[in-house]
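Coordinate analysis (summary)
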Amino acid sequence: MKTAVIGGGWAGLAAAVELTAAGHQTTLFEAGRVAGGRARSVDVDGRRLDNGQHILLGAYRETLALMRRVGADPDRLFDRRPLQIIDRSGFRLALPRLPAPLHVAWGLFAAKGVGLAEKLRTAWWMEGIKALRFQLDADVTVSQWLDAAGQTGRLRRHLWEPLCLAALNTPAHLASAQRFAYVLRDSLGSPRRADTDLLIPKVDFGQLLPEPALAWLAAHGADIRLGRRVETLQPTPSGVDIDDEPFDAAIIATAPQHTTRLWPDMSARYDFEPIATVYLQFDRHTRLDFPLLNLDGPFGQWVVDRGDGLLACVLSGHGDWEHLDDAGLATALQRELQLDGQATWYKVIREKRATFSCRPGIHRPGEITAHRQVMLAGDYTFAEYPSTLEGAVRSGLRAARQLIGQSPAASW
Ligand SMILES: Cc1cc2nc3c(=O)[nH]c(=O)nc-3n(C[C@H](O)[C@H](O)[C@H](O)COP(=O)(O)OP(=O)(O)OC[C@H]3O[C@@H](n4cnc5c(N)ncnc54)[C@H](O)[C@@H]3O)c2cc1C
């Protein structure tokens, strides 16, 4: 089959690899000059940076499997660490290298800055959610869910709310409790200890997947068209015409606001949340105690140590930071970091539509359309997860497997 994949983000790359491996003659259309979409590398002032700082978890199984398949070794490309959440208020939760679920129980009881009664209440609550298989009766906001569970203490402020904002890029008072529960199921609630590990990229994003995937696709005969924006897609009796070129089938793997232009039947409409990444270059010997720290505001949420004195501060979701210009933001973040010395260089990257706003009850269309030779892929189509790399990769695999005629996967 001659199959087109429109969009070379992580969803489109996953779909293209899966189709090509199954023997399809694949053409990948990507509007940008590089692949990777929202998770791509960018060149700034002679440096290779990421379009935004990303964090992965050990639970990103399909993403890690895809990397291995195209020859990118996650063991070499990530700094893998047991989860730690540390902030400057004295709060610290560190998971030990014990088998699951002991590691979470131990981490919770050893957490610093939280009283025993609250720890017991939380352990009890987590057991209850597990017994319900992380399935809520009705989707509500994370704040409502935590209120109902009596999670109103320090763990809410220093663990659940920051985790919710990091995972869903949507603040707790707006975020979907059901999507958050699924994130907890596949991380803290997973029977595999390694699923809770933090994976901090050691290299730029291009090297993690987009570049090895393009090389793999080219080596396996796929036709890769970068810098090529598709303008029209028209179903025909025998398949689909893309800018008047005939294909047997197509996967539209673009972000939802772009999908509606090509496929007006895709009826889901979203609010979006922004993310800013503020890169600050300090003296090359500058080091954080742990490569990922919770900044705890007022503007920044996390800071990641990229090595050689380069720090990446992450500002998730709408907030007052949007009113500051780049210089003001860089100054504010330096103040929040409280490090010795001044940054000698900075770069602010703002993504206005970084993710869809992951609220209760939003419509997720899935991969199937009314036309059986046209599939959708992209983080927004994978209903269980918020906007994440793993959701994007799984969506691409699902769409491709529908066309190949395989079941998406027994496990998901
Ligand atoms: C700053 C930032 C930080 C993030 N942090 C994290 C994180 O820590 N962990 C995590 O898991 N996720 C994170 N995410 C979310 C993650 O990046 C996305 O969920 C994922 O990249 C979405 O991939 P996608 O393939 O679905 O869509 P996209 O990446 O949007 O890919 C769509 C592609 O389609 C192309 N395209 C659009 N229209 C056309 C057309 N007409 N013709 C051809 N090509 C077209 C676009 O150029 C783009 O390359 C973050 C996102 C941002 C922006």
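Residues numbered from 1 in each chain as written. Predicted model: local features only at pLDDT ≥ 70, side-chain atom pairs only at ≥ 80, totals over all residues. Heavy atoms only, no water.

Once that is clear, we can look at the packing of aromatic side chains. The final tally for this structure, using the stated rule, is eight aromatic pairs. Aromatic pair Tyr270 and Phe356: ring centres 5.3 Å apart, planes at 35°, arrangement tilted. Linking Tyr270 in the loop between helix 11 (256-262) and strand 15 (272-281) with Phe356 in strand 19 (residues 345-356), this pair joins segments that are 86 residues apart in sequence. A relative accessible area of 11% places Tyr270 in the buried class. By relative accessible area, which is 1% here, Phe356 ends up buried. Put simply, the rings of Trp125, Trp145, Trp160 and Phe180 pair up and form one aromatic cluster. The aromatic ring of Phe247 is capped on one face by Lys2, whose charged end is 4.4 Å from the ring centroid. (Phe/Tyr/Trp six-rings, centres within 6.5 Å; stacked < 30°, edge-to-face > 60°. Helix = DSSP H or I, 4+ residues; strand = E, 2+ residues; numbered from the N terminus. Buried < 20%, exposed > 50% of the residue type's maximum accessible area, 1.4 Å probe, protein only. Lys NZ or Arg CZ within 6 Å of the ring centre and 35° of its normal.)

Quick look at the nonpolar core now. Soluble, globular proteins show a tendency: their nonpolar side chains are buried together. Judged by nonpolar contacts, the single largest core of 81 residues is most densely connected at Trp160 and Ile242. By residue number, the principal contributor to this core is helix 7 (residues 154-168), which donates six residues. Setting aside anything within four residues of it in sequence, one finds Trp160 in contact with Thr122, Trp125, Met126, Leu146, Gln151, Leu155, Phe180, Leu184 and Leu188. (Core = buried A, V, L, I, M, F, W, Y, C linked by side-chain atoms within 4.5 Å. Contact = heavy atoms within 4.5 Å.)

Within the structure shown, the criterion is met by zero disulfides. Its sulfur unpaired, Cys358 is 8.5 Å from the next cysteine sulfur, which belongs to Cys164. Note on Cys358: relative accessible area 1%, which makes it buried. (Disulfide = S-S within 2.5 Å.)

So, on to a nonpolar patch on the surface. Taken together, the side chains of Phe109, Leu116 and Leu120 present a nonpolar region at the surface, about 290 Å² in accessible area. Within the element layout of this structure, Phe109 appears in helix 4 (residues 102-109). What makes Phe109 partly exposed here is its relative accessible area of 35%. (Patch = residues over 30% accessible without salt bridge, like charges linked within 9 Å, V, L, I, M, F, W, Y side chains within 5 Å. Areas by Shrake-Rupley, 256 points an atom, 1.4 Å probe, with all protein chains shown as cover. Salt bridge = Lys/Arg side-chain N within 4 Å of Asp/Glu carboxyl O.)

Here the focus is the site of the ligand. Neighbouring the ligand are 34 residues, the closest being Glu30, His54, Ile55, Tyr60 and Asp379. For the ligand, an oxygen atom lies 2.7 Å from a polar atom in the side chain of Asp379. One of the side-chain N or O atoms of Ser387 is found 3.3 Å from an oxygen atom in the ligand. If the ligand stood free it would expose 1,000 Å²; the protein chains cover 93% of that surface. Of all the secondary-structure elements, those providing two or more residues to the shell around the ligand are helix 1 (10-21), strand 2 (25-30), helix 11, strand 19 and helix 13 (389-404). (Near = heavy atom within 4 Å. Polar contact = N/O pair within 3.5 Å; in protein donor to acceptor, adjacent residues only side chain to side chain.)

Looking now at the pattern of salt bridges. Under the criterion given, the structure shown has 25 salt bridges. The residue Arg48 makes a salt bridge to Asp204 at a minimum N-O spacing of 3.2 Å. Within this pair, whereas Arg48 is found in strand 4 (residues 47-50), its partner Asp204 is found in the loop between strand 9 (198-201) and helix 9 (205-208), the two being separated by 156 residues in sequence. When its relative accessible area of 38% is taken as the criterion, Arg48 is described as partly exposed. Linked through salt bridges whose partners overlap, the residues forming this network are Lys2, Asp223, Arg225 and Glu245.

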